[in-house]
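# Breakdown of the fold
Each chain, letter by letter, is given below.
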Amino acid sequence: MTAPTLYPTKPFLKWVGGKRALVDEIIGRMPERFGAYFEPFVGGGALFFELKKRGMLEGKKAYLFDANKELINAYNVVKNTPTELLANLRVFEQNHCHDAYYEVRAMDREDPFTSLAPALRAARFIYLNKTCFNGLYRVNAKGFYNVPMGRYKNPAICDESLIYGASRALQDAEVLHVDFAKVLDFAKKGDFVYFDPPYYPLTPTSSFTSYNQDVFLEDEQKRLFDTFEKLAKKGLHAMLSNSDTEFIKELYKDYQIDFVEMNRFINSKSGGRGKIKEILIRK
C-alpha cells in the first residue's frame, strides 16, 4: 500500500546515536550533485528520511544497509506490508504493560523466533524500540535483546501516519542485511555514501559501541577506513561521522575533518548528558 502524501516523512524508530539533530550540518557538507545514495549503517535513517522530505533524492536510487538483521527486517516490512505491521502493533499496544513487555522481549529466546512471520518480528522490534529504556538496541553475547523497560506513560506504539509515511519514503530504496563493506560492490563513481558507524569509544569504559554483541573497535574501524579510502579512490563522494578521538583523527588525517556539536542523551545520569563534540570526515 502506498501512503497518501499527507503522512509525515520521518524516522519510524528512536535510535541512539541518530543524526536527527545534525542533519543540517551533514546536508550542508554534501555534494550539490550526486548519483545514487548509500547509507551502510542505516540505524534510524534520520538523514535518509530528511533527504526524502526535502526532495533531494528525487529520481535517485537509495541503498540502505545494516548488519542488524531485525532492524533490516523492520525496514522491509514497513516498506512492503505496512498494514499487516500495524495490525500486529495494535495488539502489542493494547496489551502493553510491565509483564507484557518482558514477555515480548523474551520472544527471541524461543527456538522458532526467526521462523515467525516477518510482520510479527518487525512489530516486536518497533514495540520494544518505543517502550524500552531510551530507545536503546542492545543484545547479550547470545544475541538476546536485554534492554529493560522504559518509564513512559503513553508510548506511541502504533503510529499509523508514521508507518505509512515511512513506507512511502522507502518505496524506491533497496534495503539489505549486509556488511558495510558491501557498498564497494554497489557504489559507482559520482555516488554519495554516508557512513554513521558505531562510534569509537571516548574512554575505555565508554558504552558507545555496546548497541549489539559485535563491538566496533580498532580492527573494525580500520576496516571501515579501508572501505572509505577505496570509495574515495573510485571517485565517489564519501562522508563519515565519528567521535572526536585521537585514534579516529589520526586514521583520517589526510581527509577533511570538521568538528560539530551533538547532544548526548544516552547516559543514565543527567550529569553525563549534554553537548559533545563529534567529527564529520569528507573526501
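Structure: see above.
No experiment lies behind these values; they were computed from the predicted model shown. (Residues numbered from 1 in each chain as written. Predicted model: local features only at pLDDT ≥ 70, side-chain atom pairs only at ≥ 80, totals over all residues. Heavy atoms only, no water.)

## Focus: the pairing of strand 3 (residues 173–176)
The side-chain alternation of strand 3 yields one buried face, formed by Ala-173 and Val-175, and one unburied face, formed by Glu-174 and Leu-176. Both strand 2 (residues 62–65) and strand 3 contribute to a ladder of 4 bridges, which runs parallel. Bridge pairing in strand 3 places Phe-65 opposite Leu-176. (Buried < 20%, exposed > 50% of the residue type's maximum accessible area, 1.4 Å probe, protein only. Helix = DSSP H or I, 4+ residues; strand = E, 2+ residues; numbered from the N terminus. Pairing = 2+ DSSP bridges.)

## Re the side chain of Gln-221
Considering the arrangement of structural elements, one finds Gln-221 in helix 9 (residues 218–233). In this structure Gln-221 touches Pro-198, Tyr-199, Tyr-200, Phe-216, Asn-242, Phe-247, Ile-248, Leu-251 and Tyr-252, once residues within four positions along its chain are discounted. (Contact = heavy atoms within 4.5 Å.)

## As for helix 5 (residues 98–105)
Looking at helix 5, one finds that the buried residues are Ala-100, Tyr-101, Val-104 and Arg-105. Along the axis of helix 5, the buried residues cluster in a sector spanning 135°; they form a single face. Opposite the buried face of helix 5, by more than 90 degrees, sit the exposed residues Asp-99 and Glu-103. Here the buried face of helix 5 lies against helix 4 (82–95) and helix 6 (118–131). (Arc of directions from axis to C-beta.)

## Some thoughts on the environment of Gly-44
By the element assignment, Gly-44 lies in the loop between strand 1 (37–39) and helix 2 (46–53). Sequence separation of Gly-44 and Lys-19 is 25 residues, and the distance between their C-alpha atoms is 8.4 Å. Those residues within four positions of Gly-44 in sequence are excluded, and the remaining contacts are Pro-11, Trp-15, Phe-49 and Tyr-75.

## Some thoughts on unusual backbone geometry
Unusually for a residue other than glycine, Asn-134 sits at a positive phi of about 60°. Inspection of the secondary structure assignment puts Asn-134 in the loop between helix 6 and helix 7 (160–170). Residue classification places Asn-134 among the partly exposed residues on the basis of a relative accessible area of 29%.

## So, the pattern of salt bridges
This structure, assessed with the given rule, holds 19 salt bridges. The shortest N-O distance in the salt bridge between Arg-29 and Glu-25 comes to 2.7 Å. For Arg-29, a relative accessible area of 22% gives the class partly exposed. With a closest N to O distance of 3.2 Å, Asp-226 and Lys-230 form a salt bridge. (Salt bridge = Lys/Arg side-chain N within 4 Å of Asp/Glu carboxyl O.)

## Thoughts on the state of the cysteines
Inspection of every chain in the model, using the stated rule, returns 0 disulfides. This cysteine, Cys-158, is not joined by any disulfide, and Cys-97 carries the nearest cysteine sulfur, 17 Å off. The exposure class assigned to Cys-158 is buried, which follows from its relative accessible area of 16%. (Disulfide = S-S within 2.5 Å.)

## Concerning the environment of Val-193
Note on placement: Val-193 falls in strand 4 (residues 192–195). On the basis of relative accessibility, which here comes to 0%, the residue Val-193 falls in the buried class. The spacing of Val-193 and Glu-39 is 154 residues in sequence and 6.0 Å in space, taken between C-alpha atoms. With sequence-adjacent residues up to four places away left out, Val-193 is seen in contact with Phe-38, Pro-40, Val-183, Ala-187, Leu-231, Leu-236, His-237, Ala-238 and Met-239.

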